[in-house]
Amino acid sequence: MLSNFRRFTAGWALGLLTLLLPALGCKSNSPEPAASTTTPPPAPPAPTPVLVGSTLIGEYSTTTLAGRVGNIPLIGSLARYPLKVYRLTYTTTNTDGKAVTASGALLVPVTSQALPVISYQHGTLQPDEENRAPSYYSSSSELWSAVSVLASTGYVVSAPDYIGYGASKALPHPYEHGPSLASASADMLRAAREFCKKENIAVNQKNFLLGYSEGGYATMSLHKLLEEKYATELPVAASAPGAGAYHKTAFAQYIMKSEQPLNFLSTYVWVLDTYNRVYGLNRPLSAYFKEPYATRLQADPFSSVPNKASDLFAEPFRQAVINNTDAALTAAFKDNDVYDWKPTAPVALFHGTADDYVPYFNSQDAYNAMRARGATQVQLKPIQGGNHFTSVATYTLQAFAFISQY
């Protein structure tokens, strides 16, 4: 649940140092199969198009891209292809089941080679950070420097804004709501491939998934959705989620039981507000928060709050979460748990062991549950001593190296 990634530009850049570029366009020397006399099965119906429109934001030379990481010349030297950046609009489904127009950025290397696609899920953006959403491609966005250099090494990058930013900024962002983060990201990936087909941009079938913090949670949710619903259309080659809150039920109990200061409580207020609305609980804020905070948060959902759970949350609410007696809220948490399932594609779970924003147990629990279900290609990658902020450089370095194996 990271509110500002600008401090991590160097971290993302350092990650590119050990990026191992995947082999592109390999041809098989196997003999052609004999012609079959069997009548082939009927082709599956074509997917419903989701792409609405596209706008070219700009084209950037390798020299320009290298200049964005000029403080680390070795990173700039990795830039291989010029980059075209587009803003795509597409149709997706909001939390109420209604179709909405969303947006995202598409980074396209200028080459005739068929490249793999990365779906890149960004971290938390406060409402006043709208211009940092991917489709603006601003200099303060996560895409601007190192991610653009990564793309120029040979990846098409699909980066959803999520609902609540860009073309859908008039709507509230469903913060940490797994189903809509997944569907908005999947539909952006579908739109990206539609656009590439329309514009004769060569892409192969590989889809890699990356993201940290809220982006890590979105990445895990996306991976699950793609394997459940789009296994043929959008097969996952590998995913590397970082520091996501995958075990929402346990996270809620962790918060309510905590006696120590917790620096992330303002973002957890946002989570509660989302679930209160999305799941139709529609409770007054006094059901969740003590005064004067309930009144203050009613006026400004992003007003400051104390950092101790016992000072912020209404005691009946705390006890209901701890004792698991609030059936409606428990159901909302469980609907957003994304730790206990069996992925088929390789997964590497990265997490700082000293993370005090999104506790490490989220990744440990996911690893344990996936292995228990028989997942053989899941790895746990602890970042020893790293917190939510200092772990980003290591995450970047190792996540790019991980996906490059596939």
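All values reported here derive from a predicted model rather than from experimental measurement. (Residues numbered from 1 in each chain as written. Predicted model: local features only at pLDDT ≥ 70, side-chain atom pairs only at ≥ 80, totals over all residues. Heavy atoms only, no water.)

*Asks:* What is the right way to read the overall build of the protein chain from this model?
*Replies:* On a plain count of helices and strands, the protein chain comes out with 14 helices and nine strands. Burial analysis of the protein chain (406 residues in total) assigns 56% to the buried set. Sequence-distant contacts in the protein chain: of pairs separated by 6 or more residues, those separated by 24 or more amount to 79%. (Helix = DSSP H or I, 4+ residues; strand = E, 2+ residues; numbered from the N terminus. Buried < 20%, exposed > 50% of the residue type's maximum accessible area, 1.4 Å probe, protein only. Contact = heavy atoms within 4.5 Å.)

*Asks:* Hey, could you run me through the pattern of salt bridges in this one?
*Replies:* Side chains that differ in charge, positive against negative, can pair when their charged atoms come close. Here the structure, examined in full by the defined rule, presents nine salt bridges. Of the charged contacts in the structure, one is a salt bridge between Arg 190 and Asp 187, with a shortest N-O distance of 3.0 Å. Taken as a pair, Arg 190 and Asp 187 lie in helix H5 (residues 178-198) at a separation of three residues, close to a single helical turn. Residue Arg 190 pairs with Glu 233 through a salt bridge whose shortest N-O separation is 3.4 Å. (Salt bridge = Lys/Arg side-chain N within 4 Å of Asp/Glu carboxyl O.)

*Asks:* Any chance you could explain the packing of helix H7 (residues 248-257) against helix H11 (residues 315-322) here in plain terms?
*Replies:* Two packed helices can be described by the angle between their axes and the distance between those axes. The N-to-C vectors of H7 and H11 enclose an angle of 135°; their axes lie 9 Å apart at closest approach. In terms of orientation, H7 and H11 fall into the oblique class. Two packed elements cross with a definite hand, and for H7 against H11 that hand is left-handed. Every residue of H11 that contacts H7 at Ala 252, Gln 253, Met 256 and Lys 257 is listed here: Phe 317, Arg 318, Val 321 and Ile 322. For the contact of H7 with H11, the class distribution of residues is five nonpolar, one polar and two charged. (Axes fitted to C-alpha atoms, helices over the stretch in contact; angles between N-to-C directions. Parallel < 35°, antiparallel > 145°, perpendicular 65-115°, else oblique. Left-handed = near helix turned anticlockwise from the far one by under 90°. Nonpolar A, V, L, I, M, F, W, Y, C, P; charged D, E, K, R; others polar.)

*Asks:* Looking at this structure, how should I read the packing of H7 against helix H8 (residues 265-278)?
*Replies:* Running from N to C, H7 and H8 point in directions that differ by 130°, and their axes come no closer than 13 Å. By the angle between their directions, the pair H7 and H8 is classed as oblique. Both H7 and H8 take part in a crossing whose hand is left-handed. Contacts between H7 and H8 pair Lys 248, Ala 252, Ile 255 and Met 256 from the former with Leu 265, Tyr 268 and Tyr 275 from the latter. Counted by class, the contact of H7 with H8 contains six nonpolar, no polar and one charged residues.

*Asks:* Sorry if this is basic, but what is going on with the confidence of the model for the protein chain here?
*Replies:* Parts of the model with low pLDDT should not have their predicted coordinates read in detail. On average, residues of the protein chain score 90 in pLDDT, and 89% of them are at 70 or above. Here residues 1-10 is modelled with pLDDT under 50, and outside its nearest four sequence neighbours on either side it reaches 42 contacts, counting other chains as well. Every residue in residues 18-36 scores below 50 in pLDDT, and together they form 18 contacts with partners more than four places removed in sequence or on other chains. (pLDDT = per-residue confidence, 0-100.)

*Asks:* I'm lost on the pairing of strand E6 (residues 203-212) in this one. Help?
*Replies:* Looking along a regular strand, one sees side chains alternate from face to face of the sheet. Counting buried positions along E6 yields seven of 10 residues, so the element is predominantly enclosed. Pairing of strand E4 (residues 115-121) with E6, which is carried by six bridges, proceeds in the parallel orientation. Bridge pairing links Ser 119 to Leu 209 in E6. As paired strands, E6 and strand E7 (residues 236-242) are joined by six bridges and run parallel to one another. From the neighbouring strand, Leu 210 faces E7, where its bridge partner is Ala 240. Following the chain from E6 across helix H6 (residues 214-229) to the adjacent parallel E7, one finds a crossover that is right-handed. (Pairing = 2+ DSSP bridges. Right-handed = clockwise from strand over helix to strand, strands pointing away.)

*Asks:* Before we go on, may I ask you to explain the sheet that holds E4 in this structure?
*Replies:* Taken in spatial order, the nine strands of this open sheet run E1-E2-E3-E5-E4-E6-E7-E8-E9, and their pairing is mixed. If you trace the sheet from one side to the other, it starts and ends with strand E1 (51-60) and strand E9 (378-383), each paired once. Averaged over all adjacent pairs, the angle separating strand axes in this sheet is 20°, with direction ignored. Across two bridges, the pairing between E7 and strand E8 (residues 347-352) is parallel. Counted as the bridge partner of Ser 239 is Val 347 from E8. The strands touched by helix H4 (residues 143-152) within the sheet are strand E2 (83-93), strand E3 (99-109), E4 and strand E5 (156-160), with E3 carrying the most contacts at an inclination of about 60°. Each of E4, E6, E7 and E8 is contacted by H6, which is oriented at about 140° to E6, the strand it contacts most.

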